[in-house]
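Understanding the architecture of this molecule
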Amino acid sequence: MASADSLINNGGVIHDIGYRRYTGARLGRRHIVTALYLHSLRTAFGLGRSAKAKIFPGIVALIAFGVAVIAVAIRSQSGEIAISYLYYTSVMGIPVLLFLAVVAPELVCRDLRAQVLPLYFSRPLRRADYAVAKVAAMISAVWLLLAGPLLLMFLGGVFAQTGGASGARHEFTDFLGGLAWAAIAAAVLGAVAMPLASWTSRRAVSAVVIVSAFLVTTPVIGVVDDLGGDTARQLVRLVNPLTLLDGLQTWIFRTSRVDIGRYGSLYLVGALALVGGCVALLIVRYRKVAA
Amino acid sequence: MQTRALTKHYPRVTALDALTLDVEPGIIGLVGANGAGKSTLIKILLGLLDSSGGSVRVLGMDPATDGEAIRARVGYMPEHSALPPDMIAAEFVTHMAQISGLPRTAARERASEALRHVGLYEERYRQIGGYSTGMKQRVTLAQALVHDPDLLLLDEPTNGLDPAGRDSMLSLIQRIGSEFGISVLVCSHLLGEVERICESLIAIDAGKLLRADRISSMTQRRDVLVVEVDEGVEQLFARLNEIGHGVRRAGRGLLVPLESDDTFDLIMGTVAALDLPLHRLDQRRHGIAELFADPPEEASHGVG
């Protein structure tokens, strides 16, 4: 390439091969949505962007792996499981929340602010597909953030466990459970964050809105825990996405994290409704947005 | 491309009012004042807006039902800058090619090629945020071109460019239309730009068609020379009239029909013979602007 350019600059022979028509494949909807999804997933971790955009995702990933390393270290020293595969996702609650507050606006506000949407929607990309690809990328990014360290914990755990082959099998089942739970948590948190982020083109505003959405109802839970009856206490965790997840985990994995009484299935319904509602909201949002 | 009684109402204004057009392939200029309905027309052609009435065909398809098929074969350059500043130009154009349905490797190749065609080959690995306005406009054009469309819709492509930038953007568009074999619809509120590069012209105002025709049939009269002298205009006018040219007065200068290259010499000779200080001698084509010099009656209502 450089030699051809230098020829031109020297005023020598100009090799203008002219315009060539494209006769290759033009792929369909699935390819287009996948391309946008992968692009957004890379964007979430700052790949293909400036060094500045890589700093924050890098810090959060560092924290995530740091926690995993500590968990492995404790286990190999003392033999006790300080952080289980399931509990790991809860431990990561605040870092994940910050990750959402920064990355969700990154995925959608940038397109709104730079007015890139007309370029997308003047191509064979449906508006709903744009919304779905973006929310899928957000959910996957959160899951990857959790799955990497979980894998590290599993590798450490296999060597630390003393139960032989059956112990390793048991370890693997626990690990799969941890991955599945991380996926569920990622789906709920990612789905909630995206419509909140898409409302404005200002990233800072979006970030504040996301954080407050997750925190604003926590006092309610504290008050009800202190003053409410049994039923109220068992139901109140539905009002906040983070505590909703605690309740759901208690019900699915029969852990004793929180008291949800007989209302476990309600937590499942609540989570499904939340994810469905938020994705629908995001699709509606992009149906309206000007192209 | 064809429209029949195309109408678009917004809640408060009528942007397009029973517009009927037949457009042949080639470079087509779409001119009209700001708010005349140019952008609205483009968005309907892309299937981004639904029309309120009438019918449209683009590349033989209906945007309302085959929007995706049309958008796969049409390139669109919006009026406003629409680029993410923190992306590398080559990556952005590659991404846009993929969104148009091109496989990854083909998208990469076509992106480099499109950026080369718009003259950004060496700068293509820089971040868009560091580009000048002209370079950004070129990237926007490259992303419209990258998937090898059959039709390019350019909304005010020279917006915000300096005169040199305008010139190179216009000649680039002309090359795309003539050498690349892609039909181009150029939107502009500047008639002068459009008449330079277009083969045919559509003028709309307040959503109504003023005139649609080939440029050649609009500018049948021959070129003229503009002559300006600092003093003695009357003398020169009288002298040139004697020689027998259809000289006309225009402001401070004179307009002389350009019949052959000799006309230059003749004027120079006459000016020298009268010993007048020559201020300006320019060749000018009869502008189609003159065709729209008197705004038609019906243009005075509608979209403001």
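Just so it is clear, the structure is predicted and the values come from calculations on it, not from any experiment. (Residues numbered from 1 in each chain as written. Chains lettered and ligands numbered in written order. Predicted model: local features only at pLDDT ≥ 70, side-chain atom pairs only at ≥ 80, totals over all residues.)

Helix and strand counts for chain B come out as 10 helices and 13 strands. Burial analysis of chain B (304 residues in total) assigns 42% to the buried set. For chain B, restricting intrachain contacts to residue pairs at least 6 apart in sequence, the fraction spanning at least 24 positions comes to 69%. (Helix = DSSP H or I, 4+ residues; strand = E, 2+ residues; numbered from the N terminus. Buried ≥ 20, exposed ≤ 12 C-beta atoms within 10 Å, placed from the backbone. Contact = placed C-beta atoms within 7 Å.)

As a further point, take the overall build of chain A. Within chain A one finds 13 helices and 0 strands. Reading chain A from its N end, one meets helices and strands in the order α-α-α-α-α-α-α-α-α-α-α-α-α. Along the three orthogonal principal directions, the C-alpha set of chain A runs to about 85 × 50 × 35 Å. For chain A, the proportion of its 291 residues judged to be buried stands at 36%. Counting only contacts in chain A whose residues sit at least 6 apart along the sequence, the fraction spanning at least 24 positions is 72%.

With that out of the way, let us pick up the pairing of strand E2 (residues 14–22) of chain B. Residues and elements named next belong to chain B. Pairing geometry for strand E1 (residues 2–9) and E2, over 5 bridges, is antiparallel. For Leu-6, the partnering residue across the bridge sits in E2 and is Leu-19. In this antiparallel pair of consecutive strands, E1 and E2, the connection spans 4 residues. (Pairing = 2+ DSSP bridges.)

Moving on to the sheet that holds strand E8 (residues 200–205) of chain B. Residue and element names in this part refer to chain B. Across the sheet, which stays open at both edges, the 6 strands sit in the order E5-E6-E7-E3-E8-E9 with mixed pairing between neighbours. Each edge of the open sheet carries a strand with a single partner, namely strand E5 (74–77) and strand E9 (208–214). Direction aside, neighbouring strands of the sheet carry axes that sit 15 degrees apart on average. Examined bridge by bridge, E8 and E9 share 6 bridges and lie antiparallel to one another. When the bridges of E9 are listed, Ala-203 appears paired with Arg-211. Those strands touched by helix H5 (residues 133–145) are E5 and strand E6 (151–155), and its axis lies near 165 degrees from that of E5. (Axes fitted to C-alpha atoms, helices over the stretch in contact; angles between N-to-C directions.)

A separate point is the packing of helix H7 (residues 127–160) of chain A against helix H13 (residues 264–288) of chain A. Residue and element names in this part refer to chain A. Running from N to C, H7 and H13 point in directions that differ by 135 degrees, and their axes come no closer than 8 Å. Overall, the two elements H7 and H13 adopt an arrangement that is oblique. Classified by chirality, the crossing of H13 by H7 is right-handed. For the pair formed by H7 and H13, the contact residues are Arg-127, Ala-128, Tyr-130, Ala-131 and Val-135 on the first element and Val-279, Leu-282, Ile-283, Tyr-286 and Arg-287 on the second. Class assignment of the residues belonging to the contact of H7 with H13 gives a composition of 8 nonpolar, no polar and 2 charged. (Parallel < 35°, antiparallel > 145°, perpendicular 65-115°, else oblique. Left-handed = near helix turned anticlockwise from the far one by under 90°. Nonpolar A, V, L, I, M, F, W, Y, C, P; charged D, E, K, R; others polar.)

Since one α-helical turn is 3.6 residues long, residues separated by three or four positions face the same way. Residue and element names in this part refer to chain B. Between its terminal C-alpha atoms helix H6 (residues 163–178) stretches 22 Å, which fits the 22 Å expected from 16 residues at 1.5 Å a residue. Those residues of H6 lying buried are Arg-166, Met-169, Leu-170, Ile-173, Ile-176 and Gly-177. Buried positions in H6, seen along its axis, are confined to an arc of 120 degrees and lie on one side of it. Facing away from the buried surface of H6 by more than 90 degrees, the exposed residues are Ala-164 and Ser-171. If you follow the buried residues of H6, they end up packed against strand E3 (27–31), H5, E6, strand E7 (183–188) and helix H7 (191–197). (Expected span 1.5 Å × (residues − 1). Arc of directions from axis to C-beta.)

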